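Understanding the architecture of this molecule
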Amino acid sequence: MDYKHNNKRDNLKMKGIPVSFTPIQLHNRLNRAVWIGFKRVEQDGRTLLFLCAGSESGAQLRKNFETFAGQIVREYRFDPSEVEFIELRERAEEHHWYRWHAQWVGSAPMECHGDLVTSESSRRYLSEALESSMAAA
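All of these numbers come straight from a predicted model, not from anything done at the bench.

Rules and cut-offs
Residue numbering note: each chain is counted from 1, following its sequence as written. For this predicted model, a pLDDT threshold of at least 70 governs which residues receive local features, and a threshold of 80 or more governs which side-chain atom pairs are given and counted, while totals over whole chains, interfaces and linings are taken from all residues. For side-chain calculations, the full set of non-hydrogen atoms in the structure is used, while hydrogens and water are omitted. Any two strands with at least two DSSP-identified bridges between them are counted as paired. Secondary structure counts use DSSP, requiring at least four H or I residues in a row for a helix and at least two E residues in a row for a strand, with both numbered from the N terminus. A 1.4 Å probe rolled over the protein chains alone gives each residue an accessible area, and that area as a share of the maximum for its type sets the label: buried under 20%, exposed over 50%, partly exposed in between. Contact definition: two residues touch when any of their heavy atoms are within 4.5 Å. Geometry of aromatic contacts follows a simple scheme: Phe, Tyr and Trp rings, the Trp one being its six-membered ring, pair when their centres are within 6.5 Å, and the pair is stacked under 30 degrees between planes, edge-to-face over 60, tilted otherwise.

Here the focus is the pairing of strand β6 (residues 108-116). Relative to β6, strand β5 (residues 94-105) is paired through seven bridges, and the arrangement is antiparallel. Directly across from arginine 99, in β6, lies its bridge partner aspartate 115. Counting the residues between successive antiparallel strands, the hairpin from β5 to β6 contains two residues, one of them, glycine 106, with a positive phi of roughly 65 degrees.

A separate point is unusual backbone geometry. Positive phi, close to 65 degrees, is recorded for asparagine 31, a residue that is not glycine. Tracing the backbone through its elements, the reader meets asparagine 31 in the loop between β1 (22-27) and β2 (33-43). The class of asparagine 31 is exposed, set by a relative accessible area of 58%. The backbone phi angle of arginine 77 is positive, close to 55 degrees, even though this residue is not glycine. Relative to the assigned elements, arginine 77 resides in the loop between α2 (61-76) and β4 (83-91).

Below, the discussion takes up the side chain of asparagine 28. Note on placement: asparagine 28 falls in the loop between β1 and β2. Judged by its relative accessible area of 8%, asparagine 28 is buried. The residues contacting asparagine 28, other than those within four sequence positions of it, are Val34, Gly58, Asn64, Thr67 and Phe68.

The tally for this structure, following the rule as stated, stands at six aromatic pairs. Taking the centre distance of 5.2 Å and the plane angle of 10 degrees together, the rings of phenylalanine 38 and tyrosine 76 count as stacked. Placement of the pair is phenylalanine 38 in strand β2 and tyrosine 76 in helix α2, with a sequence separation of 38 residues. Among the residues examined, phenylalanine 38 registers a relative accessible area of 7% and is labelled buried. In this structure tyrosine 76 comes out as partly exposed when scored by relative accessible area, which is 38%. With 5.3 Å between their ring centres and 85 degrees between their planes, phenylalanine 65 and phenylalanine 85 make a pair best called edge-to-face. Here phenylalanine 65 is found in helix α2, whereas its partner phenylalanine 85 is found in strand β4, with 20 residues between them in sequence. Considered together, phenylalanine 65 and phenylalanine 85 belong to a single accessibility category, that of buried residues.

Below is the structure:
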(Lines give C-alpha, C1' and ligand atoms only; values in the text may rest on other atoms or scores of the structure.)
Protein backbone atom coordinates (compact mmCIF):
# COMPACT_ATOMS: atom_id res chain seq x y z
CA MET A 1 0.00 0.00 0.00
CA ASP A 2 1.33 3.39 -0.99
CA TYR A 3 0.93 5.42 2.20
CA LYS A 4 2.19 8.63 0.59
CA HIS A 5 -0.28 8.29 -2.29
CA ASN A 6 -3.21 7.70 0.09
CA ASN A 7 -2.06 10.60 2.26
CA LYS A 8 -2.04 12.86 -0.82
CA ARG A 9 -5.58 11.71 -1.68
CA ASP A 10 -6.73 12.45 1.88
CA ASN A 11 -5.18 15.91 1.64
CA LEU A 12 -6.93 16.54 -1.69
CA LYS A 13 -10.27 15.44 -0.27
CA MET A 14 -9.86 17.95 2.56
CA LYS A 15 -9.10 20.65 -0.04
CA GLY A 16 -12.32 19.96 -1.94
CA ILE A 17 -10.82 17.97 -4.81
CA PRO A 18 -12.75 14.82 -5.83
CA VAL A 19 -10.95 11.59 -4.94
CA SER A 20 -11.40 10.35 -8.51
CA PHE A 21 -8.77 12.89 -9.59
CA THR A 22 -5.07 12.10 -9.42
CA PRO A 23 -3.07 14.52 -7.30
CA ILE A 24 -0.32 16.33 -9.17
CA GLN A 25 1.96 19.01 -7.86
CA LEU A 26 2.53 22.05 -10.04
CA HIS A 27 3.98 25.50 -9.51
CA ASN A 28 1.69 28.50 -9.67
CA ARG A 29 2.57 31.83 -11.28
CA LEU A 30 4.36 32.85 -8.07
CA ASN A 31 6.45 29.65 -8.34
CA ARG A 32 4.84 28.14 -5.23
CA ALA A 33 4.17 24.42 -5.20
CA VAL A 34 0.45 23.62 -5.16
CA TRP A 35 -1.60 20.45 -5.53
CA ILE A 36 -4.38 20.14 -8.06
CA GLY A 37 -6.55 17.26 -9.16
CA PHE A 38 -5.93 15.88 -12.64
CA LYS A 39 -7.89 13.35 -14.68
CA ARG A 40 -7.24 12.28 -18.29
CA VAL A 41 -10.26 10.90 -20.13
CA GLU A 42 -10.52 9.51 -23.66
CA GLN A 43 -14.06 10.15 -24.90
CA ASP A 44 -15.34 9.90 -28.48
CA GLY A 45 -11.83 10.11 -29.93
CA ARG A 46 -10.99 13.20 -27.87
CA THR A 47 -8.58 13.61 -24.97
CA LEU A 48 -10.15 15.58 -22.14
CA LEU A 49 -7.88 16.80 -19.37
CA PHE A 50 -9.97 17.53 -16.30
CA LEU A 51 -8.48 19.83 -13.67
CA CYS A 52 -9.81 20.75 -10.24
CA ALA A 53 -8.22 23.14 -7.77
CA GLY A 54 -10.82 22.64 -5.04
CA SER A 55 -10.55 25.22 -2.29
CA GLU A 56 -6.79 25.72 -2.71
CA SER A 57 -6.57 29.45 -3.34
CA GLY A 58 -2.95 29.25 -4.53
CA ALA A 59 -4.00 26.81 -7.24
CA GLN A 60 -6.84 28.86 -8.70
CA LEU A 61 -7.00 27.94 -12.35
CA ARG A 62 -8.31 31.27 -13.57
CA LYS A 63 -5.12 32.94 -12.33
CA ASN A 64 -2.72 30.11 -13.13
CA PHE A 65 -4.08 28.31 -16.19
CA GLU A 66 -1.30 29.45 -18.50
CA THR A 67 1.35 28.29 -16.03
CA PHE A 68 -0.37 24.98 -15.22
CA ALA A 69 -1.28 24.07 -18.81
CA GLY A 70 2.29 24.62 -19.98
CA GLN A 71 3.66 22.42 -17.19
CA ILE A 72 1.15 19.64 -17.93
CA VAL A 73 1.80 19.68 -21.69
CA ARG A 74 5.57 19.54 -21.17
CA GLU A 75 5.53 16.96 -18.36
CA TYR A 76 3.12 14.51 -20.01
CA ARG A 77 4.25 15.30 -23.59
CA PHE A 78 0.77 16.12 -24.85
CA ASP A 79 0.23 17.70 -28.24
CA PRO A 80 -1.75 20.84 -27.27
CA SER A 81 -3.81 20.66 -30.47
CA GLU A 82 -5.10 17.21 -29.46
CA VAL A 83 -6.29 17.90 -25.90
CA GLU A 84 -9.04 19.91 -24.28
CA PHE A 85 -8.62 21.38 -20.82
CA ILE A 86 -11.76 21.24 -18.69
CA GLU A 87 -11.97 22.73 -15.22
CA LEU A 88 -14.38 21.43 -12.61
CA ARG A 89 -15.36 23.86 -9.88
CA GLU A 90 -17.52 22.41 -7.14
CA ARG A 91 -19.49 24.49 -4.70
CA ALA A 92 -21.67 22.55 -2.29
CA GLU A 93 -23.58 20.19 -4.59
CA GLU A 94 -23.18 22.31 -7.74
CA HIS A 95 -20.73 21.52 -10.52
CA HIS A 96 -19.49 24.32 -12.74
CA TRP A 97 -17.54 23.39 -15.85
CA TYR A 98 -15.13 25.68 -17.68
CA ARG A 99 -13.65 24.89 -21.06
CA TRP A 100 -10.22 26.50 -21.37
CA HIS A 101 -8.80 27.83 -24.63
CA ALA A 102 -5.31 29.02 -25.52
CA GLN A 103 -3.24 29.96 -28.51
CA TRP A 104 -0.24 27.63 -28.39
CA VAL A 105 3.30 28.47 -29.42
CA GLY A 106 5.03 25.12 -29.09
CA SER A 107 4.32 24.06 -25.49
CA ALA A 108 3.63 27.61 -24.31
CA PRO A 109 -0.01 28.69 -24.01
CA MET A 110 -0.84 32.32 -24.80
CA GLU A 111 -4.04 34.38 -24.59
CA CYS A 112 -5.78 31.91 -22.28
CA HIS A 113 -9.39 32.16 -21.26
CA GLY A 114 -11.98 29.88 -19.73
CA ASP A 115 -15.61 29.78 -20.83
CA LEU A 116 -18.36 28.64 -18.50
CA VAL A 117 -20.14 25.66 -20.04
CA THR A 118 -23.80 26.69 -20.01
CA SER A 119 -25.35 24.17 -22.38
CA GLU A 120 -27.14 21.41 -20.48
CA SER A 121 -26.10 18.82 -23.08
CA SER A 122 -22.43 19.88 -22.82
CA ARG A 123 -22.51 19.73 -19.01
CA ARG A 124 -24.12 16.28 -19.19
CA TYR A 125 -21.46 15.15 -21.71
CA LEU A 126 -18.64 16.27 -19.38
CA SER A 127 -20.27 14.66 -16.33
CA GLU A 128 -20.77 11.40 -18.19
CA ALA A 129 -17.18 11.44 -19.50
CA LEU A 130 -15.86 11.87 -15.98
CA GLU A 131 -18.19 9.25 -14.51
CA SER A 132 -17.47 6.68 -17.24
CA SER A 133 -13.74 7.04 -16.66
CA MET A 134 -14.28 6.34 -12.96
CA ALA A 135 -16.35 3.23 -13.73
CA ALA A 136 -13.67 1.94 -16.13
CA ALA A 137 -10.89 2.37 -13.56
